Every structure is written in C-alpha cells, then in structure tokens.
Amino acid sequence: MKIPKHKNPCFDCGALCCKGVAVPISTPRSKSDWDEIRWLVAHERVQVFKDHENDWLVEFMTPCEKLDEKDACKVYSIRPKICRDHEHDECVKNGEEAYHKIIFRHLEDVDAYLAKRELKKLKRKK
Ligand code: SF4
Ligand code: SF4
C-alpha cells in the first residue's frame, strides 16, 4: 500500500540525510583532539557535531550523486545498506530530541566553545 504523500515522514524534507556524509570520530579530550576539530571545520562544507546519542561525528556536506532533481533516490531498489537502515524517526529532521547537542561549523565556533568551557571551569573553582 502506498503511503499518502502528507503522511510520509520524509515529505517536504528535501532529503537532508542524503546531503552529507557523517563519519564517527573519537570524543575530543586532549588539546590535539580539539585542534584537529578546528582544522576539520576550517574547511568549507565540513561540520563536526555531538549527536542526540552523545556520539561525535564529522560531516562532509556534499550531496549524494544519486539524488535526482526532485530529491528522490535514483537507485532506491539497490541503495546501500546504510541508507536502508537509516531510521526516519531518529533523523536530523524528525528526531524527538535536538539532533545536534553541539555543532561546530567554523574554527571560531570551536574557539568560542572552549573559551566558554574554560570560563565555567574557573567560576567553579572560585
Ligand atoms: S529520513 Fe529524515 S532527513 Fe532523511 S529524508 Fe526522511 S525526514 Fe528527511
Ligand atoms: S543512495 Fe539514495 S538513499 Fe542513499 S544517500 Fe544516495 S540518494 Fe540517499
């Protein structure tokens, strides 16, 4: 049975999940981990985030070449397993909690976050 268009959870989304490649990275702990994040997000269309499950990922914002002009998958029946397994109720559009707990899009975002965190630490010590 075909789902009515307006009841399709992906209706009107614009295929957000097909427009980037997110790869898990280790939780940043050391100064060099944070510096690596600064380097990553100094590049165009690269962002680093902590998701709603507290996993850290680097995302390259580049659309899948198998999307057509209407944002539909041109290879739907043979799409990769990672696409088949993608849960639309926990995705960047429909996730119940805020999907990105922390997100850095530019080097300056990382510096501002670290400065704020340092300030909080100092306040706690007083
Ligand atoms: S799974 Fe989520 S992000 Fe992907 S197309 Fe559907 S609603 Fe959009
Ligand atoms: S193969 Fe299809 S479902 Fe998978 S990312 Fe590309 S367009 Fe999306």
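**Student:** If you had to explain the site of ligand 2 to someone new, which residues and values would you point to?
**Tutor:** Inspection of the region around ligand 2 gives C18, C64, K66, L67, C73, V75, P80 and C83 as its neighbouring residues. Each residue belonging to the shell around ligand 2 can be placed in one class, and the counts come to seven nonpolar, no polar and one charged.

**Student:** Explain the site of ligand 1 to me, and be specific about the residues and the numbers.
**Tutor:** Around ligand 1 sit P9, C10, C13, A15, L16, C17, H86, H88, C91, V92, K93 and N94, and that is every residue in its neighbourhood. Of the residues contributing to the shell around ligand 1, the split by class is eight nonpolar, three polar and one charged.

**Student:** Give me helix α1 (residues 31-41): which residues, what numbers.
**Tutor:** Of all the residues in α1, the buried ones are W34, I37, L40 and V41. Take α1 and look down its axis: the buried residues cluster within an arc of 115°, on one side only. Away from its buried face, by an angle of more than 90 degrees, α1 presents the exposed residues K31 and W39.

**Student:** Give a description of the packing of α1 against helix α3 (residues 107-125) that names residues and reports values.
**Tutor:** Between two packed helices, the angle of one axis relative to the other and the distance separating the axes together describe the packing. At a minimum axis separation of 7 Å, α1 and α3 run at an interaxial angle of 150°. Classified by the angle their axes make, α1 and α3 are roughly antiparallel. Seen from α1, the contacting residues are W34, I37, R38 and V41; seen from α3, they are L107, V110, D111, Y113, L114 and R117. In terms of residue class, the contact of α1 with α3 is made up of seven nonpolar, no polar and three charged.

**Student:** Could you give an account of the side chain of H52, with specific residues and numbers?
**Tutor:** With respect to the helices and strands, H52 occurs in the loop between β2 (46-51) and β3 (56-60). Look past the residues within four positions of H52 in its chain and what remains in contact with it is E90, E97, A98, Y99 and K101.

**Student:** Give a detailed account of the sheet that holds β3, specifying residues and quantitative values.
**Tutor:** Ordered by their spatial adjacency, four strands build an open sheet running β1-β3-β2-β4, and the pairing between neighbours is antiparallel. Each edge of the open sheet is held by one strand with a lone partner, namely β1 (21-25) and β4 (100-104). Each adjacent strand pair in this sheet contributes to an overall mean axis angle of 25°, direction not counted. Relative to β3, β1 is paired through five bridges, and the arrangement is antiparallel. Pairing of P24 across the sheet is with L57, part of β3. The sheet strands contacting α1 are β1, β2, β3 and β4, and the helix crosses β2 at an angle near 130°.

**Student:** How would you summarise unusual backbone geometry if you had to cite specific residues and measurements?
**Tutor:** Even without being glycine, A15 reaches a positive phi, approximately 55°. Locating A15 in the fold gives a position in the segment before β1. Not every positive phi belongs to a glycine, and D71 is a case in point at roughly 65°. For D71, the location among the structural elements is in the loop between β3 and α2 (81-84). Residue class for D71 comes out partly exposed when judged on its relative accessible area of 30%.

Parameters at a glance
- Within each chain, residue numbers correspond to sequence positions counted from 1 in written order.
- Whichever chain is written first is A, and whichever ligand is written first is 1; the rest continue in order.
- Local features in this predicted model are restricted to residues whose pLDDT is 70 or higher, and side-chain atom pairs enter the listing and the counts only when it is 80 or higher, whereas totals over whole chains, interfaces and linings include all residues.
- Hydrogens are left out, water is left out, and the side-chain values use all remaining heavy atoms of the structure.
- If a single non-hydrogen atom of a residue is within 4 Å of a molecule or strand, that residue counts as near it.
- Three classes are used: nonpolar for Ala, Val, Leu, Ile, Met, Phe, Trp, Tyr, Cys and Pro, charged for Asp, Glu, Lys and Arg, and polar for all others, with Gly counted as polar.
- Relative accessibility under 20% of the residue-type maximum defines a buried residue, over 50% an exposed one, and the middle range a partly exposed one, all with a 1.4 Å probe and only protein chains included.
- Numbering of helices and strands starts at the N terminus; helices are DSSP runs of H or I of at least 4 residues and strands are runs of E of at least 2.
- Working definition: the arc comes from the directions between the helix axis and the C-beta atoms, pointing outward to the latter.
- Convention adopted: a line fitted to C-alpha atoms gives each axis, helices being fitted over their contacting stretch, and angles between N-to-C directions are expressed from 0 to 180 degrees.
- When an angle is under 35 degrees it counts as roughly parallel; over 145 it counts as roughly antiparallel; between 65 and 115 it counts as roughly perpendicular; any other value is oblique.
- Note on definitions: a residue-residue contact is assigned when non-hydrogen atoms from the two residues lie within 4.5 Å.
- Two strands qualify as a pair provided that DSSP identifies no fewer than 2 bridges between them.

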